[in-house]
Amino acid sequence: MPTPHPSPPPGPGSVVAPRELAALGGGGIAVPARDGKLVHLQFRRFAGCPVCNLHLRSVATRHGEITAAGIREVVVFHSPESELSPHADGLPFPLVADPEKALYREFGIERGARSVLSPRAWPAMAYGVLRDLGPVLLGRRRPPVARPEGGRLGLPGDFLIAPDGTVVAAKHGTHASDQWSVDELLAHAATARAR
């Protein structure tokens, strides 16, 4: 019997089937949104990842601008809730635990040594570690677990999904710090709204 070929991952122009994601701490998140907002579905690496922390703090700082642009942030980690919960404080958007990596597979988010071996990732890795070091040493922030479930070699991904489920923009990261900046996200949203 032939092996069925998996569906290609969603890209610009494809349509994402409606679903309800379970938010960390309870509650559901509709993707696509039912209230006319765009959904920025971003895939991160592991809970406590210094590069992810650095990026998510930049998103949190500008969350008001993102919301004003009609965008709902939804952030997915391949960590279980037990590893993710200690790192959720202060983030104004929902986090989703996907330890089975079902969403990662569906959206074509890969893993590989290039996530941390690419020299383009090193500045963010070094800055993220240095930025987290003080709060971790002072007990204000938990370090990542020594062996995160799902490993440390995940790659990031970004998808902007319209209310009808159409993917209007997508990015599959090629290294640990290869994700949309807030400015890029806002530009994608402005283009989507202008259509």
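Refer to the preceding data block for the structure.
Residues numbered from 1 in each chain as written. Predicted model: local features only at pLDDT ≥ 70, side-chain atom pairs only at ≥ 80, totals over all residues. Heavy atoms only, no water.

What the protein contains, in helices and strands, is seven helices and seven strands. The buried share of the protein, taken over its 195 residues, is 48%. For the protein, contacts bridging at least 24 residues in sequence account for 68% of all contacts bridging at least 6. Summed over all atoms, the accessible surface of the protein reaches about 9600 Å², with 59% contributed by carbon and sulfur. (Helix = DSSP H or I, 4+ residues; strand = E, 2+ residues; numbered from the N terminus. Buried < 20%, exposed > 50% of the residue type's maximum accessible area, 1.4 Å probe, protein only. Contact = heavy atoms within 4.5 Å. Areas by Shrake-Rupley, 256 points an atom, 1.4 Å probe, with all protein chains shown as cover.)

Of note, D178 is situated in the loop between β7 (167-172) and α7 (182-194). At a separation of 3.0 Å, a polar atom in the side chain of D178 contacts the side chain of K171. Residues contacting D178, with those up to four places away along its chain left out, are P156, K171, H172 and G173. (Polar contact = N/O pair within 3.5 Å; in protein donor to acceptor, adjacent residues only side chain to side chain.)

In this model, V31 is joined to P32 through a cis peptide bond whose omega is 0°. Looking at the secondary structure, you find P32 in the loop between β2 (28-31) and β3 (38-43). Although it is not a glycine, K101 adopts a positive phi angle of roughly 60°. With respect to the secondary-structure elements, K101 resides in the loop between β5 (95-97) and α4 (102-106).

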